[in-house]
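# Examination of the molecular architecture
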Amino acid sequence: CTAWKPNAARSAVASSVWGPWVELGNPCRGEGANTTFDSQSTFVLPVSGGGGGSSDHFVFVADRWNEKNLSDSRYIWLPLEFDEENGSPIIQWRDEWSPMNAWPTSKSMND
């Protein structure tokens, strides 16, 4: 356990909450991946892509704790994508992004 310090994310998949679980590894890619971009995962937010009410997209939300000033702790929000070949989750750092164009391989959320 790293307490306040960030560490590498882990992901796993199972057909039931009871398992068996298969480890998929760290979904984070690029610089900062080994510390989950200086954060700790908190939540995956479903985002509707339009009609039908189903969740077409997801946002990875993580805490970025400031142990010296807890009231200045922040969140990071990043688009959660999935590898087209094996379905594994992928999270990449983006300095800026918009839900309107975060998922380039899918329809615009305005469609």
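A short tour of the structure in this document, coming up. The structure presented is a predicted model; accordingly, all values stated were derived computationally and were not measured.

Next up on the list: the pattern of salt bridges. Going through the model one piece at a time under the given rule, you end up with 3 salt bridges. Here Asp 72 ties to Arg 74 by a salt bridge, and the two come within 2.5 Å at their closest N and O atoms. Glu 81 is paired through a salt bridge with Arg 94; the nearest N and O atoms lie 3.1 Å apart. Linking Glu 81 in strand β6 (residues 74-82) with Arg 94 in the segment after β7 (89-92), this pair joins segments that are 13 residues apart in sequence. Overall, the relative accessible area of 18% leaves Glu 81 in the buried class.

Residues Val 13, Val 22 and Leu 24 make up a contiguous nonpolar surface patch of about 230 Å² in total accessible area. If you trace the backbone, Val 13 turns up in strand β1 (residues 11-13).

Okay, the packing of aromatic side chains next. All chains considered together, the criterion is met by 2 aromatic pairs. Here the aromatic rings of Phe 58 and Phe 82 are separated by 6.1 Å at their centres, their planes lie at 85°, and the arrangement is edge-to-face. You can see Phe 58 sitting in strand β5 (residues 55-64) and its partner Phe 82 sitting in strand β6, a full 24 residues away along the chain.

In this section: unusual backbone geometry. Residues Gly 19 and Pro 20 are joined by a peptide bond in cis, for which omega reads 5°. Checked against the element boundaries, Pro 20 lands in the loop between β1 and β2 (22-25). Unusually for a residue other than glycine, Phe 37 sits at a positive phi of about 55°. Checked against the element boundaries, Phe 37 lands in the loop between β3 (28-29) and β4 (40-48). For Phe 37, a relative accessible area of 3% translates into the label buried. Positive phi is not limited to glycine here, since Asp 38 has a value of about 60°. Considering the arrangement of structural elements, one finds Asp 38 in the loop between β3 and β4.

Cut-off values and rules
- Residues numbered from 1 in each chain as written.
- Predicted model: local features only at pLDDT ≥ 70, side-chain atom pairs only at ≥ 80, totals over all residues.
- Heavy atoms only, no water.
- Salt bridge = Lys/Arg side-chain N within 4 Å of Asp/Glu carboxyl O.
- Helix = DSSP H or I, 4+ residues; strand = E, 2+ residues; numbered from the N terminus.
- Buried < 20%, exposed > 50% of the residue type's maximum accessible area, 1.4 Å probe, protein only.
- Patch = residues over 30% accessible without salt bridge, like charges linked within 9 Å, V, L, I, M, F, W, Y side chains within 5 Å.
- Areas by Shrake-Rupley, 256 points an atom, 1.4 Å probe, with all protein chains shown as cover.
- Phe/Tyr/Trp six-rings, centres within 6.5 Å; stacked < 30°, edge-to-face > 60°.

Keep in mind that these numbers describe shape and distance, not what the molecule does.
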